[in-house]
Amino acid sequence: MEGIALKKKASPQGDRSEVLEAKVATSIITASHVEKVFHTKKADVTALKDCSLEVLENEFVCIVGTSGCGKSTLLRMLAGLDTPTGGEIIIKDRPVLGPGPDRGMVFQSYTLFPWMTVEQNIRYGLKEKKLPKEEQDAIVDQYLDTVRLKRFRKAYPKELSGGMKQRVAIARALASKPELLLMDEPFGALDPITKGQMQLFIREIWQKEKPTIAFVTHDIEEAVFLATKIYVMSARPGRVRMEIPVYLPYHRTPDLKETKEFVDLRMQIQELLLTN
């Protein structure tokens, strides 16, 4: 599927007027009227109801909502780790029927293989794809450099800090070149300083490599800092309450969080969540 993205372009006359340039953008995710009901012995619990969203190619989309709104459930269904009770999820014109190599996933918990070194963890997906060893070596070296862990290539997960473990998990996910990177509150367990560093890190990676990212968080400030577009979820049963484009500078630094534009957007989203 395709959507129309509009960007401003200077007019050929060189004056201050601007024209809008239409650009066809490919839809990576189309979720239409998705519903998820969990059946328990006591009662049925509706986690999501009539939930629809779209993620275009190269977008960094954050899905923000309070605890229990179904945002992680939605991400798991995008990954093919769970199935919707109703509605439809399409990834690149293909219905989601299960996990696939077109999607990489980074969880909040540290999901590295503890018996493998940093290098071996990053190499894992490449070996599964049976790439030639020379190609594997080049990709592993590239991502060790990208996540700034070359000195730790022979280290085991138990020897790494929490932030370093998540950098390895991100490198492992990106090394296989997925069409879509799914991130489920990946920095939620980190201390505030490390969390801020990781936000800068993933934003820098996105600016450099332009992966399409769907990122779940309950942290409003994190969502505003990272995203090009934000979906605000309602309380359970979760649905998309509002889609908000983020018109903040492309290159972002921590001092952006003190600007009026940033604070206004954060307060807008906070008000939406408080009035659920």
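Further up the page is the structure itself.
Figured I'd write up the structure that's included with this text. It should be emphasised that the depicted structure is a prediction, and the values quoted were computed from it without experimental measurement.

Once that is clear, we can look at the nonpolar core. By size, the foremost hydrophobic cluster in this structure holds 53 residues, and its most contacted members are Ile122, Ile170, Ile230 and Ile269. The dominant element in this core, judged by the number of residues it contributes, is helix H4 (residues 162–175), at 8 residues. Setting aside its immediate chain neighbours within four residues, Ile230 contacts Cys62, Val64, Ala223, Val224, Met242, Glu243, Ile244, Val246 and Ile269.

Between its first and last C-alpha atoms helix H3 (residues 133–146) spans 20 Å; for 14 residues at 1.5 Å apiece the expected length is 20 Å, and the two agree. All of the buried residues in H3 are Gln136, Ile139, Val140, Tyr143, Leu144 and Thr146. Angular distribution of buried residues about the axis of H3 spans 155°; they occupy a single face of the element. Next to the buried residues of H3 lie helix H2 (118–128), H4 and helix H5 (192–209). Directly beyond the C-terminal end of H3, a positive phi value near 60° is found at Arg148.

Per the stated rule, a full pass over the model turns up 1 cavity of 30 Å³ or more. Glu185, Phe187, Gly188, Lys195, Thr217, His218, Asp219 and Glu222 together form the lining of the largest cavity. Tallied by class, the residues present in the lining of the largest cavity amount to 1 nonpolar, 3 polar and 4 charged.

Attention shifts here to the environment of Ile220. With respect to the helices, strands and loops of the structure, Ile220 is situated in helix H6 (residues 220–226). Exposure remark for Ile220: the relative accessible area of 13% places this residue in the buried category. Sequence spacing of Ile220 and Arg266 is 46 residues, and the spatial spacing of their C-alpha atoms is 6.2 Å. Leave out the neighbours within four places in its chain, and Ile220 touches Val64, Arg266, Ile269, Gln270 and Leu273.

Conventions we followed
Residues numbered from 1 in each chain as written. Predicted model: local features only at pLDDT ≥ 70, side-chain atom pairs only at ≥ 80, totals over all residues. Heavy atoms only, no water. Core = buried A, V, L, I, M, F, W, Y, C linked by side-chain atoms within 4.5 Å. Buried < 20%, exposed > 50% of the residue type's maximum accessible area, 1.4 Å probe, protein only. Helix = DSSP H or I, 4+ residues; strand = E, 2+ residues; numbered from the N terminus. Contact = heavy atoms within 4.5 Å. Expected span 1.5 Å × (residues − 1). Arc of directions from axis to C-beta. 1 Å grid on protein atoms, 1.4 Å probe; cavity = no way out; pocket = protein on both sides within 12 Å on 5 of 7 lines; lining within 4 Å. Points joined across faces, edges and corners; volume = space filled by probe spheres on them. Nonpolar A, V, L, I, M, F, W, Y, C, P; charged D, E, K, R; others polar.

Function-wise, these values are silent; they only describe arrangement.
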